[in-house]
Amino acid sequence: MPQNNRATLGDTANPKRKARNVTPEQLHSLLRRFLTAKEAANRAATTVSWYDAQISAFLLWIEAPEVASDELPALIDGYLASQRKRGLRPSTVAASYRALSAWLNWCSRRKLIDRNPIPELDKPSVPKEQAQHVTLAECTRLLESITGNEWTDARDRLILTLLFWSGLRAAEMTGLYVTDVDTRAGTILVRHGKGQKARVVPTAPTVGALLLDYLYSRPAWSGPELLLSSDGTGGVRGPLTRDGLRQILRRLCKRAQVPYLHPHAWRHGFAMIFLNEGANLSAVSAMMGHSSTSVTQSVYASWQTRGLLREYGETLSRIQGHTK
């Protein structure tokens with residue numbers, strides 16, 4: 001790499017100048033600088049890890065010992081095409097593109113590369129499809145399948161209720177402290193939401209009794225964490241992780257004989273049931289911690305069928321009443 005730690009991918013000031021090649025090691029160096037910048041900007045550890053995984057996968061896919069600037073757009077196209085051929089979902093391919101775009105745009109702004117390939121690429125399209133979401137019937141079925149009286153059963157009832165009626169992300173769930181749940185006010189404090197933004201989320205009245213049942217039955221624990229992981233012998237292994245949360249949901253879904261409902265499907269279920277029952281879009285957006293109502297609307301507006309049918313029926317009745 002040059003003395004100024006600059007990976008020179010072409011020369012925008014002098015297009016006729018022959019582009020210098022860059023090695024995968026130099027690209028990995030740029031990735032490390034990018035990740036450090038994200039950490040310095042106080043981005044969530046999960047976000048930094050996601051960028052690392054997405055971009056590292058692309059760099060590992062590159063087999064050439066050196067890469068020239070005019071080869072990079074074709075390489076990215078080839079990588080995204082290979083993902084499609086592997087049968088990955090369009091949203092997964094689009095996520096790879098977003099990560100690479102963020103990285104290379106950052107490198108360009110920092111003038112660490114002379115040529116940014118992103119403007120030359122076509123953004124992958126993602127067909128609009130309804131996201132998997134948990135229904136009230138499915139939530140009830142899973143809750144009814146928990147018939148035991150162990151502390152882990154009390155924990156699992158609390159987890160399902162919080163997921164469905166508060167719309168928390170997996171990381172927000174596993175990051176809760178005991179003091180974050182205010183049963184008198186009926187609220188949950190999410191201290192570290194997406195983008196490190198805190199918010200207060202309402203929760204169902206049934207959470208109070210479920211929380212007391214869990215706290216009084218779980219083994220002694222000196223830490224502030226609310227949700228704990230079992231060691232398999234009745235004791236505590238430590239705070240519940242996101243992987244642990246997924247394992248719990250897989251186990252409960254298998255027991256209830258329903259398809260696996262991942263944590264985000266519960267979040268989708270929360271949004272759709274509230275929106276379809278007439279909840280204000282801005283209120284749902286705030287509860288979910290979205291950056292704006294446009295984000296909520298773009299994801300869920302086209303699936304608010306119940307509210308649309310209700311409005312249609314009421315309007316149709318008025319029209320038919322006028323024509324009689």
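Note that the structure is predicted; figures quoted are calculated from it, not measured.

1. Considerations on a positive patch on the surface
Argument step 1. A cluster of basic residues, R43, R98, K123 and K194, forms a positive patch on the protein surface.
Argument step 2. For R98, the position within the fold is in helix α4 (residues 90-109).
Argument step 3. On the basis of relative accessibility, which here comes to 47%, the residue R98 falls in the partly exposed class.

2. Digging into unusual backbone geometry
Argument step 1. For K111, which is not glycine, the phi dihedral falls at a positive 60°.
Argument step 2. Along the chain, K111 turns up in the loop between α4 and α5 (136-144).
Argument step 3. What makes K111 exposed here is its relative accessible area of 57%.

3. Digging into the confidence of the model for the protein chain
Argument step 1. Scored by pLDDT, the protein chain comes out at a mean of 84, with 85% of its residues at no less than 70.
Argument step 2. In the predicted structure, residues 1-8 sits below a pLDDT of 50 and forms 18 contacts with residues beyond four places in sequence or in another chain.
Argument step 3. Note that pLDDT drops below 50 for residues 10-18; the model gives that stretch nine contacts with residues more than four away or on any other chain.

4. Considerations on the sheet that holds strand β3 (residues 181-182)
Argument step 1. Strand order in the open sheet formed by three strands is β3-β4-β5, with antiparallel pairing between adjacent strands. On the outer flanks of this sheet lie β3 and β5 (199-202), each paired with one strand and no other.
Argument step 2. Pairing geometry for strand β4 (residues 187-190) and β5, over four bridges, is antiparallel. Looking at the pairing, V190 lines up with R199 of β5.

Definitions and cut-offs
Residues numbered from 1 in each chain as written. Predicted model: local features only at pLDDT ≥ 70, side-chain atom pairs only at ≥ 80, totals over all residues. Heavy atoms only, no water. Patch = residues over 30% accessible without salt bridge, like charges linked within 9 Å, V, L, I, M, F, W, Y side chains within 5 Å. Areas by Shrake-Rupley, 256 points an atom, 1.4 Å probe, with all protein chains shown as cover. Salt bridge = Lys/Arg side-chain N within 4 Å of Asp/Glu carboxyl O. Lys, Arg positive; Asp, Glu negative; His and termini not counted. Charge placed at Lys NZ, Arg CZ, Asp CG, Glu CD. Helix = DSSP H or I, 4+ residues; strand = E, 2+ residues; numbered from the N terminus. Buried < 20%, exposed > 50% of the residue type's maximum accessible area, 1.4 Å probe, protein only. pLDDT = per-residue confidence, 0-100. Contact = heavy atoms within 4.5 Å. Pairing = 2+ DSSP bridges.

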